[in-house]
Amino acid sequence: MLSSLLKKIFGDKNEKAVKELWPIVDQINQEYEKLKNLSDDELKNKTVEFKARISEATKEITEQINELKTRLQTEKDAEQRHEIHDQIEELEKELTDKYEEVLDEILPEAFAVVKDTCRRLVGKSWEVAGSKITWDMIPYDVQLIGGIVLHQGKIAEMATGEGKTLVATLPLYLNALTGRGVHLVTVNDYLAKRDSEWMGEIFRFHGLTVGCILNTMDPEDRIKQYNCDITYGTNNEFGFDYLRDNMASSKEYCVQRGHNFAIVDEVDSVLIDEARTPLIISGPVDKAEHKFDEMKPRVERLFRKQANYVASIVKEAEQLLQSNDPKDREKAGILLLRAHRGFPKNKSLMKLLAEPEYKKLLQQTELEFLRENSKRMPEIDEELYYAIEERQNQIDLTEKGREELAVGSKEGKDFFVIPDLGTEISKIENDQSLSLEDKIKKKDELYHLYSERSDVIHTINQLLKAYTLFEKDDEYVVTEDGKIAIVDEFTGRILPGRRYSDGLHQAIEAKENVKVERDTQTLATITLQNYFRLYKKLAGMTGTAETEEGEFYEIYKLEVVVIPTNKPVARIDEDDAIYRTKREKYNAIIEKIKELKEQRRPVLVGTTSVEVSETISRMLKRQGIQHNVLNAKQHQREAEIVAFAGQPGAVTIATNMAGRGTDIKLGVGVREVGGLYILGTERHEARRIDRQLRGRAGRQGDPGTSKFFISLEDDLMRLFGSDRITNVMSKVGMEEGEAIQHPLITKSVERAQKKVEENNFAIRKRLLEYDNVMNQQREVIYARRKQALEGERLKGEIFDYLEDFIDTLVKKHYENGEIEKLREELLQNLLVDFKIDPDTWEKLGEDGVKNEILKAAKEFYDRKEEMLGSDLMARLEQYAVLNVIDNKWRDHLREMDDLKEGIGLRAYGQKDPLLEYKAEAYNLFINLLDELRNEVVTFCFKFWPQAPVEVQSRRTAPATRIQTIKDSADNLGLRTSQPEGSQPHVKAKPVRVEPKVGRNDPCPCGSGKKYKNCHGRNE
Ligand SMILES: Nc1ncnc2c1ncn2[C@@H]1O[C@H](COP(=O)(O)OP(=O)(O)OP(=O)(O)O)[C@@H](O)[C@H]1O
Ligand SMILES: [Mg+2]
């Protein structure tokens, strides 16, 4: 009810949004008519005119900004510099608004220019991704609408085959006129190359430059591509370049020039499916030995015991189910639930639960036990060694499990319990018999014990997960060279180089008896979500966005506009056919394929995993039916195969990402037999992915059919299928091999999908909340880094830091009159010798002493500058800031990782782990800033270069063992993060000073507010 009501509102809203754009389309077409009679040169001149108009409109603000930037280079006072930075920020905003204003004005003419350029290109040929094409496109009116929507920074939903590649050229051209660079983001290298070559001629006609970032390029090449007016590339390349730029030791090695406007193709895939995995640049870590190999035999024993136990109770349940006594049924229900929580993937159990009746019994029992916060669940779990929450991917050891683990080992079962820190600490605190020293010692021991136990439990948990929830050839594969490779759950593609986090990967390595690799540590990381939020303007296009409209808006503030198709859709979407078992379903699928093959009708078989693709392929082979299988491994070749999927009698099996973005044209005679047939072998978790699959047929008004074949054994149905389906199926009393098909059932399936979608959205949102904390911190750190990198003089900041530093020192020693200690520390940290007699010390007071020291230190610093020269001193400062930031930030990322891991492990009672995480992350960050400041100060004071070369040497040092995760390792060329042995020579003693976040920086607590309006309010 509610949803249909919402739909009505959204639907109306959408129609209205589109309707408002038609007058602009009319304007474009009027302008277009005027252009027809111009010569080529006259048309080209339009671009020059536009550019002039834009620069005229923005001249004033730009000049102001440039002036301020020049001042930044020389201004030494930190306060002043802050001020200037603020002013620049304001002006930049104004400038962006101004640009938008002019672009909106120019839009009709500019779009008309693109349309007319297309017209002039018709009949011309050029090479695109290795084959020759002849241009034949002039944008349709609905495509102009799509272009306007993209320019407005929204998502244009346009069905497959509507020509989104062309649509993007309109706003790309328009926005490129500002010269600030526009990015078009694709899902793979092949599409980036294809689209940049295919569309490039339009831009080049007008003298605009077009670039394309490919995985194999070195930094020099990348710089060239980014300097183009329009740059095509994949999301990974853009994201990693950003991270690497923020690890660069010198400005020359930065490749990107800001984040102005991006259009993301297949935006749902990038911002929703891929958003969950962060981009990580990592290097190896030196950490204490892991315990996976050591714990494995015990966990394996535990796993076997539980597997046997579950097998026995499933048998018992089976027998009980024969009886008609309600007591027996109740017992059976309990056994089923226990078995399910013990080993959900047990084969006999799965078979049993395929019977709708039994499944229902399980669900009812579960509901009973879930009541009142799972009050009675322990009754179920106590017989088990560990209990599995399949839906949440979580495992808990039981008392019995702990006892079993302790058998035959020197440790007792307490070894597998994490002590409750809070209680234990208060016990120590309240123990009157302990001296202060003893208390500290005891607490130290406690922390030690805690971390050791946490480590053990963590190892065991991950191993249990590896055994019970991760199956070989499903979630992962073992490669020929003995590595564990993850299989992407969405694309079925093997992800080289990517590892599960949190020790899970190592656990699987231990399980499969391959070498347990060393853990790697994060050097830089960002989620795609946060990367794309860097853009001043973001837009997206895809065939399927509507179902995720809420998420796009909530997370990215992106509105979705559904654009009508150029010709009405003629595809027939049939209702799902539901079978009882997978076997029956697969048989029916093969029969259907045979039937279609006989009609010479092409069929595209969509699967949700590589495994299913292979099963079907095997079955077809047995029947001697020729076919192609695509797993999104080789984009170019697969694109070619998919393009042929519309030929008479073609059978193509593809996972849902394979060949996305490639056009399927119908062969001769195919239209007459009904067009392309889309056969889904399983419903995906998300409706969107299913719609994407259906959308492969019926492009530009072509005929076509789509239908899904599903079974009660499919994961989706098993985990989330509603009772209704089960009921209907048991009532109807189906024969072997029979299916039911009814609109109501299809609706139920979609409801189940919606449940999963909501669940997944919640997970993504939660992840984002965690990531946001880090994102705020990253912004602060990267902003400081950037200042240093841009060569602003940092002396002011360093004196600021110095003040804090001295402040803390004096506070520490003044009250106790520790003149000598203070002198020693100053000498040690700053090389400043501060002599003072007790009388003067008294007379000056704390503030007076502070000022004296500050004066002496500044004098010392100025003298140093005189000796070394300002130039070298400036470089030294720059070096200190960059180097210290990089070191400390890396350590910090590591601590944040540990923190996140720990938060999940700790039993927080009623506390919200996210809040705990935020609070602790805040403290860590404040510490980080303290340390940063102290180290920078001591470095600048203490470091005396032997020769100027030393400061420079870092620039050309080669990158060592750095790896990007999420894709194969990239060629890093010259840009380097942290050559070994380049740490500052001085390690400052940790000294606590008050936090000093920039007042206008985002508050590190993650609130999203500026520091001065949040934690920094009282400063
Ligand atoms: N205005 C046009 N006139 C003629 N043909 C067009 C026009 N626009 C697009 N096409 C053709 O439509 C086909 C599909 O284009 P394109 O691959 O850009 O679609 P898409 O919307 O990106 O689809 P997908 O969702 O599969 O990525 C191409 O063969 C293209 O040549
Ligand atoms: Mg496309």
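For the structure given in this document, a descriptive report is provided here.

Analysis parameters
Residues numbered from 1 in each chain as written. Chains lettered and ligands numbered in written order. Predicted model: local features only at pLDDT ≥ 70, side-chain atom pairs only at ≥ 80, totals over all residues. Heavy atoms only, no water. Helix = DSSP H or I, 4+ residues; strand = E, 2+ residues; numbered from the N terminus. Buried < 20%, exposed > 50% of the residue type's maximum accessible area, 1.4 Å probe, protein only. Contact = heavy atoms within 4.5 Å. Pairing = 2+ DSSP bridges. Axes fitted to C-alpha atoms, helices over the stretch in contact; angles between N-to-C directions. Salt bridge = Lys/Arg side-chain N within 4 Å of Asp/Glu carboxyl O. Expected span 1.5 Å × (residues − 1). Phe/Tyr/Trp six-rings, centres within 6.5 Å; stacked < 30°, edge-to-face > 60°. Lys NZ or Arg CZ within 6 Å of the ring centre and 35° of its normal. Near = heavy atom within 4 Å. Polar contact = N/O pair within 3.5 Å; in protein donor to acceptor, adjacent residues only side chain to side chain. Nonpolar A, V, L, I, M, F, W, Y, C, P; charged D, E, K, R; others polar. Parallel < 35°, antiparallel > 145°, perpendicular 65-115°, else oblique. Left-handed = near helix turned anticlockwise from the far one by under 90°. Patch = residues over 30% accessible without salt bridge, like charges linked within 9 Å, V, L, I, M, F, W, Y side chains within 5 Å. Areas by Shrake-Rupley, 256 points an atom, 1.4 Å probe, with all protein chains shown as cover. Core = buried A, V, L, I, M, F, W, Y, C linked by side-chain atoms within 4.5 Å. Lys, Arg positive; Asp, Glu negative; His and termini not counted. Charge placed at Lys NZ, Arg CZ, Asp CG, Glu CD. Disulfide = S-S within 2.5 Å.

## Quick look at the overall build of the chain
When helices and strands are tallied, the chain shows 34 helices and 24 strands. Taking all 1019 residues of the chain together, the buried fraction comes to 55%. Residue pairs in contact within the chain that sit at least 24 positions apart in sequence constitute 76% of those at least 6 positions apart.

## Digging into the sheet that holds strand E15 (residues 537-542)
Taken in spatial order, the seven strands of this open sheet run E5-E6-E4-E7-E15-E3-E16, and their pairing is parallel. Of all the strands in the sheet, just strand E5 (210-212) and strand E16 (560-562) have a single pairing partner and so form its edges. Here the strands of the sheet are splayed against their neighbours by 20 degrees on average, with no regard to which way each runs. Bridge count for strand E3 (residues 155-157) against E15 is three bridges, and the pairing is parallel. The residue of E15 that forms the bridge with Glu157 is Thr542.

## Looking at the sheet that holds strand E11 (residues 476-478)
As summarised here, the arrangement of the three strands in space is E11-E12-E13, forming an open sheet in which the pairing is antiparallel. Here the strands that pair on one side only, and so sit at the sheet edges, are E11 and strand E13 (494-495). As judged from the two bridges shared by strand E12 (residues 484-487) and E13, these two strands associate in the antiparallel manner. Opposite Ile486, over in E13, you have Leu495 as the bridge partner. Packed onto the sheet, helix H19 (residues 504-511) meets E11 and E12 and runs at close to 120 degrees relative to E12.

## A few points about the pattern of salt bridges
Once the charged atoms of two side chains with opposite charge are near each other, the side chains can pair. Considering all chains together, one arrives at 67 salt bridges under this definition. Glu197 serves as the salt-bridge partner of Lys193, at 2.9 Å between the closest nitrogen and oxygen. With Lys193 and Glu197 both in helix H7 (residues 189-205), this residue pair falls four residues apart, about one helical turn. Under the relative-accessibility criterion, Lys193 is labelled partly exposed at 33%.

## Topic: helix H2 (residues 22-35)
Relative to the 20 Å expected for 14 residues at 1.5 Å per residue, H2 spans 20 Å between its end C-alpha atoms, a close match to the ideal helical length. Those residues of H2 that are buried are in contact with helix H3 (40-74), helix H4 (78-121) and helix H5 (141-151).

## Looking at the packing of aromatic side chains
If you walk through the whole model with that rule in mind, you get 18 aromatic pairs. Cluster of aromatic residues (ring-pair linked, three or more members): Tyr242, Tyr531, Phe532, Tyr535, Tyr782 and Trp889. Positioned above the aromatic ring of Phe369 is the side chain of Arg376, whose terminal nitrogen or guanidinium carbon lies 4.5 Å from the ring centre. A cation over an aromatic ring shows up here: Lys557 above the ring of Tyr553, its NZ or CZ 5.3 Å from the ring centre.

## What about the site of ligand 1?
As a matter of local geometry, ligand 1 sits amid 20 residues, with Ile138, Gln143, Lys164, Thr165 and Asp663 nearest to it. One nitrogen or oxygen atom from the side chain of Lys164 is found 2.9 Å from an oxygen atom belonging to ligand 1. Per element, the largest residue contribution to the shell around ligand 1 is three residues, and it comes from helix H6 (residues 164-176). Taken together, the residues of the shell around ligand 1 sort by class into seven nonpolar, six polar and seven charged.

## Some words on the environment of Asp488
Relative to the assigned elements, Asp488 resides in the loop between E12 and E13. Sequence separation between Asp488 and Val610 is 122 residues, and the spatial gap between their C-alpha atoms is 9.3 Å.

## Focus on the packing of helix H11 (residues 292-322) against helix H12 (residues 326-342)
It is at 9 Å that the axes of H11 and H12 come closest, and there the two elements cross at 155 degrees. In this view, H11 runs roughly antiparallel relative to H12, as classed from their interaxial angle. Both H11 and H12 take part in a crossing whose hand is left-handed. Along its contact with H11, which presents Gln306, Tyr309, Val310, Ile313, Val314, Glu316, Ala317, Leu320 and Leu321, the element H12 presents Asp328, Arg329, Lys331, Ala332, Leu335, Leu336, Arg338, Ala339 and Gly342. Here the residues of the contact of H11 with H12 sort into eleven nonpolar, two polar and five charged.

## A look at the environment of Gln462
Within the fold, Gln462 resides in helix H18 (residues 436-468). By relative accessible area, Gln462 is classed as buried at 3%. In sequence terms Gln462 and Ile508 are 46 residues apart; their C-alpha atoms lie 8.3 Å from each other. If we ignore the near neighbours within four places in the chain, the residues touching Gln462 are Phe292, Ser501, Asp502, Gly503, Leu504 and Ala507.

## Here's the deal with a nonpolar patch on the surface
A cluster of nonpolar side chains, Leu831, Met867 and Trp944, forms an exposed patch at the surface whose accessible area comes to about 300 Å². Looking at the secondary structure, you find Leu831 in the loop between helix H30 (819-830) and helix H31 (838-868).

## Some points on unusual backbone geometry
Located in the positive-phi region is Lys557, a residue other than glycine, with phi close to 55 degrees. In this fold, Lys557 is placed in the loop between helix H21 (549-556) and E16. Taking relative accessible area as the criterion, Lys557 reaches 55% and is therefore assigned exposed. The phi torsion at Arg600 lies on the positive side, around 65 degrees, for a residue other than glycine. The residue Arg600 is located in the loop between helix H22 (582-598) and strand E19 (603-607) in this model.

## Brief notes about the nonpolar core
Among the nonpolar cores identified, the biggest contains 97 residues, and Leu243, Leu271, Phe532, Phe552, Ile781, Leu802 and Phe941 are the most heavily contacted of them. Every residue in contact with Leu271, bar those within four places of it in the chain, is listed here: Phe532, Leu538, Phe552, Tyr556 and Leu558. With 74 residues, the next largest nonpolar core counts Leu21, Tyr32, Val210 and Ala539 among its residues.

## Focus: the environment of Glu20
Looking at the element boundaries, Glu20 is found in the loop between helix H1 (2-19) and H2. Glu20 sits in the exposed class, given a relative accessible area of 52%.

## Topic: helix H9 (residues 235-245)
Burial of H9 is extensive: eleven of the eleven residues sit out of reach of the surface. All buried positions along H9 are accounted for by Asn235, Asn236, Glu237, Phe238, Gly239, Phe240, Asp241, Tyr242, Leu243, Arg244 and Asp245.

## Observations concerning a negative patch on the surface
Taken together, Asp502, Asp891, Glu895, Asp897 and Asp898 make up a surface patch of like negative charges. Relative to the elements of secondary structure, Asp897 occurs in helix H32 (residues 870-905).

## What about the state of the cysteines?
Tallied over the entire structure, the rule returns zero disulfides. Of all cysteine sulfurs, the one in Cys228 lies closest to Cys212, which takes part in no disulfide; the gap is 9.8 Å. Residue class for Cys212 comes out buried when judged on its relative accessible area of 9%.

## Overview of the side chain of Asp268
Locating Asp268 in the fold gives a position in helix H10 (residues 267-273). Taking relative accessible area as the criterion, Asp268 reaches 0% and is therefore assigned buried.

## Describing the pairing of strand E2 (residues 131-134)
Pairing geometry for strand E1 (residues 125-128) and E2, over four bridges, is antiparallel. Opposite Trp126, over in E2, you have Ile133 as the bridge partner. In textbook terms, the turn of a hairpin is the stretch between consecutive antiparallel strands, and for E1 and E2 this stretch comprises two residues, one of which, Ala129, has a positive phi near 45 degrees.

## Overview of the packing of helix H25 (residues 687-694) against helix H28 (residues 743-789)
Packing of H25 against H28 brings their axes to within 9 Å, and their N-to-C directions diverge by 125 degrees. The orientation of H25 with respect to H28, classified from their angle, is oblique. Here H25 contributes Arg687, Arg688 and Asp690 to the contact with H28, which in turn contributes Glu750, Gln753, Lys754 and Glu757. Across the contact of H25 with H28, the residue classes tally to no nonpolar, one polar and six charged.

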